2 protein chains.
Amino acid sequence: MAVYTDVTAEDLSAHLARYDIGSLLSFKGIAEGVENSNFLLHTTKASYILTLYEKRVDPGDLPFFIGLMEHLAGRGLTCPQPVKMKDGNALGELAGRPAAIVTFLEGVWIRRPQVSHCAAVGRALAELHLTGQGFPIHRANALSVQGWRPLYERARDRADTVAPGLAATIAGELGHCEQSWPRELPAGVIHADLFNDNVFFLNDRLSGLIDFYFACNDILAYDLAICLNAWCFSPDDEFDFAKGTAMLAAYQQLRPLSEAERQALPLLARGSALRFLLTRLVDWLNVPPGAVVTPKNPLEYLSKLRFHQRVGSATEYGLS
Amino acid sequence: MAVYTDVTAEDLSAHLARYDIGSLLSFKGIAEGVENSNFLLHTTKASYILTLYEKRVDPGDLPFFIGLMEHLAGRGLTCPQPVKMKDGNALGELAGRPAAIVTFLEGVWIRRPQVSHCAAVGRALAELHLTGQGFPIHRANALSVQGWRPLYERARDRADTVAPGLAATIAGELGHCEQSWPRELPAGVIHADLFNDNVFFLNDRLSGLIDFYFACNDILAYDLAICLNAWCFSPDDEFDFAKGTAMLAAYQQLRPLSEAERQALPLLARGSALRFLLTRLVDWLNVPPGAVVTPKNPLEYLSKLRFHQRVGSATEYGLS
């Protein structure tokens, strides 16, 4: 849950006067996102999300995030559309924070996705990758392969308190990824965090993608590998071949993978499992005392990593 | 902020099938209320609030709270209206918790109320007191005079760490209230917590009252005294005579105070200041380490209490 900054109705009403989105009917701080403060607004025109960007977000990244949502939404992808103020800017300031208002997307996220949901996500991811082409701003992925060793170093000394031998497992995998990571694969804008709670469905039809605050430029097939990890395992962390097959087929209908991407998929899947293992491990080891938020269990990604280490070819994910 | 219980879209959709309020479009955990988990729902029909009652709420009180909102809303008071399931019950169960869905009230709460807001609150409070007549369920006020000594005993030993001499001040005031507390004043259903954040306005017109989870049966004029404390002081805790005058006049337009109520008002104001001083003090002294929620400063109510101790007659509040 996340509401870090207090906003008054008086200040928000004054802020809304800069837009052409009607007047304020109500607003509620919502438990969504972990980096920023988010509010659901009802105005006389529609519903919107107000985001106040908190300290953990680099203001220099905001033109990328907001520009990307504008780029994608303007080209038909259903994602939050930043609303421009009367002066043409989409990025304002409220309560001393950079602030943006985006359109509200109806939809709910699915706790236990079925095969059909995985297919929908595969298709939406390919749409995102194609639609992102031509977006002119570049943002490096701080959580790609070169960002993993610093995470490992923060977790190394206490990693084995979470699982015996974990530090050695990570060290070995990290060395493998650093040595073998592909450099020539098709790259572009990736979502980089397309987990269940960032994909909305209405009546089992995908209704939108949200939370572009990890989006960046990186290998497109790496984004697909993240989704395989996030969507295509059973609740007991067994790979679900039917889900993988459906996701990969739907993705390839719009954006067929090259031979090099097919070859690289198991390595990309290992890398993406390692990335979430590392970030979750660091969070797990650094829970502030009395914290309300329970960190996600890193060991889910250890068992996913072990699965990928045994994979010989992408056909084992269902790639046809 | 408060979202203690996780609800899945799958479970919520199934739960909504028991109602006739359309199908689920979206739901967000909202940062409102401190005792329960609250979600703002959009359905194909309208917006609603789903409340899951957490452990701190006595399930035996739920028929009072829900019945009261039904009683009031059914008689024209703008407050959340509990929605009945197809089987006629308004109280269901979801995620292992007692659960209710109420209509969503548009409106925002005012951080810095003006005289006109205080008048609107006075009028709404009188409406509440009149409309509450005939509500058949009774709920004692656990935070009335007989509940204050146990709070004092929890805070006594460390009270002076908050302000020098605080324990003695409270002990003296407590003795005075216990000895003099009126027993024969008109009683009925009171809101008991009608602070700024529980009163919604739209374009400076009062649009509804919320949060009836402290409501109970007690002295009606005590509720008015709570509102004088909550609404009619300046940000630096000076009594605002114009606000008091406006609130009392608006209240009396609908429900004139008896001579006994007028006589008792300064004592009721002292008691209500003591009540919030005590509960805030206990919360202040018992903040869990790492807590996200900052407790409210008890000393605001110490200075209000000192003001009331100097008041000789209710005319000093603006009572005409």
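Residues numbered from 1 in each chain as written. Chains lettered and ligands numbered in written order. Predicted model: local features only at pLDDT ≥ 70, side-chain atom pairs only at ≥ 80, totals over all residues. Heavy atoms only, no water.

**Side note on the relation of the copies chain B and chain A**
Item 1. Once chain B has been moved 0.0 Å along the axis and rotated by 180 degrees, it coincides with chain A to within an RMSD of 0.0 Å. Here the copies are linked by what is in effect a two-fold axis.
Item 2. Interface residue correspondence from chain B to chain A reaches 100%, placing this contact among same-surface, isologous pairings. (Least-squares fit on C-alpha atoms with pLDDT ≥ 70 in both. Contact = heavy atoms within 4.5 Å.)

**Regarding the interface of chain B and chain A**
Item 1. Each partner contributes residues to the interface: chain B has 32 residues there, and chain A has 32 residues.
Item 2. Connecting chain B to chain A are two salt bridges.
Item 3. Run the count over chain B and chain A and you get 17 residue pairs in polar contact (both at pLDDT 80 or more).
Item 4. Those elements that provide at least two residues to the side of chain B that touches chain A are α1 (9-16), β1 (24-30), β2 (37-43) and β7 (199-202) of chain B.
Item 5. Classifying every residue of the side of chain B that touches chain A gives 18 nonpolar, seven polar and seven charged. (Salt bridge = Lys/Arg side-chain N within 4 Å of Asp/Glu carboxyl O. Polar contact = N/O pair within 3.5 Å; in protein donor to acceptor, adjacent residues only side chain to side chain. Helix = DSSP H or I, 4+ residues; strand = E, 2+ residues; numbered from the N terminus. Nonpolar A, V, L, I, M, F, W, Y, C, P; charged D, E, K, R; others polar.)

**Digging into the pattern of salt bridges**
Pairs can form between side chains of opposite charge whenever their charged atoms are close.
Item 1. The tally for this structure, following the rule as stated, stands at 26 salt bridges over all chains.
Item 2. Taking the shortest distance from any N to any O, the salt bridge between D6(B) and R111(A) comes out at 2.5 Å. Of the two residues, D6(B) sits in the segment before α1 while R111(A) sits in the loop between β5 (97-103) and α3 (115-131), which places them in two different chains.
Item 3. Two residues, E300(A) and K304(A), come together in a salt bridge whose shortest N-O distance is 2.8 Å. With E300(A) and K304(A) both in helix α9 (residues 299-310) and four residues apart, the pair spans about one turn of that helix.
Item 4. On the basis of relative accessible area, K304(A) is assigned to the buried category, the value being 3%.
Item 5. Three or more residues are tied together by salt bridges with common partners; here these are R280(A), E300(A) and K304(A). (Buried < 20%, exposed > 50% of the residue type's maximum accessible area, 1.4 Å probe, protein only.)

**Re the nonpolar core**
Item 1. Counting residues in hydrophobic clusters, the biggest one holds 188 residues, and the most contacted among them are W231(A), Y317(A), W231(B) and Y317(B).
Item 2. If sequence neighbours within four positions are ignored, Y317(A) has contacts with L228(A), F239(A), F241(A), G244(A), T245(A), L248(A), L265(A), P266(A), A269(A), F307(A), H308(A) and V311(A). (Core = buried A, V, L, I, M, F, W, Y, C linked by side-chain atoms within 4.5 Å.)

**So, the packing of helix α6 (residues 220-231) of chain A against helix α7 (residues 241-254) of chain A**
Residues and elements named next belong to chain A.
Item 1. Taken N-terminus to C-terminus, the directions of α6 and α7 make an angle of 150 degrees; their axes are 10 Å apart at the nearest point. Comparing their axes, α7 and α6 come out roughly antiparallel. Viewed along their axes, α6 and α7 form a crossing whose handedness is right-handed. Contacts between α6 and α7 involve L220, L224, C227, L228 and W231 from the first element and K243, G244, M247, L248 and Y251 from the second.
Item 2. Across the contact of α6 with α7, the residue classes break down as eight nonpolar, one polar and one charged. (Axes fitted to C-alpha atoms, helices over the stretch in contact; angles between N-to-C directions. Parallel < 35°, antiparallel > 145°, perpendicular 65-115°, else oblique. Left-handed = near helix turned anticlockwise from the far one by under 90°.)

**Digging into the domain arrangement of chain A**
Residue and element names in this part refer to chain A.
Item 1. Taken domain by domain, chain A comprises domain 1 (9-103) and domain 2 (115-317).
Item 2. Distance from the C-alpha centre of domain 1 to the C-alpha centre of domain 2: 28 Å.
Item 3. Each partner contributes to the interface: domain 1 provides 18 residues, whereas domain 2 provides 22 residues.
Item 4. Between domain 1 and domain 2 the total buried area reaches about 1,700 Å² when both faces are included, carbon and sulfur atoms providing 75% of it.
Item 5. On the domain 1 side of the interface with domain 2, the three residues burying the most area are F64, F65 and L77, jointly 34% of the side's total.
Item 6. The interface formed by domain 1 and domain 2 includes one salt bridge.
Item 7. As a salt-bridge pair, R139 and D61 come within 3.2 Å of each other at their nearest N and O atoms.
Item 8. Our count for the contact surface shared by domain 1 and domain 2 stands at five residue pairs in polar contact (both at pLDDT 80 or more).
Item 9. Residue contributions to the side of domain 1 that touches domain 2 peak at eight residues, all from helix α2 (residues 62-74).
Item 10. Class assignment of the residues belonging to the side of domain 1 that touches domain 2 gives a composition of 10 nonpolar, five polar and three charged. (Domains from an automatic or database assignment. Buried area = accessible area lost by both parts, 1.4 Å probe.)

**Digging into the packing of aromatic side chains**
Residues and elements named next belong to chain B.
Item 1. Here the structure, examined in full by the defined rule, presents 32 aromatic pairs over all chains.
Item 2. Look at W181 and Y222: their rings are 5.6 Å apart centre to centre, the planes differ by 80 degrees, and that puts the pair in the edge-to-face class. Note that W181 is positioned in the loop between α5 (166-180) and β6 (187-190) and Y222 in helix α6 (residues 220-231), a separation of 41 residues in sequence. Comparing W181 with Y222 shows no difference in burial state: the two are buried.
Item 3. Here the aromatic rings of F195 and Y301 are separated by 6.5 Å at their centres, their planes lie at 50 degrees, and the arrangement is tilted. Pair noted here: F195 is in the loop between β6 and β7 and Y301 is in helix α9 (residues 299-310), with a separation of 106 residues, a long-range link. (Phe/Tyr/Trp six-rings, centres within 6.5 Å; stacked < 30°, edge-to-face > 60°.)

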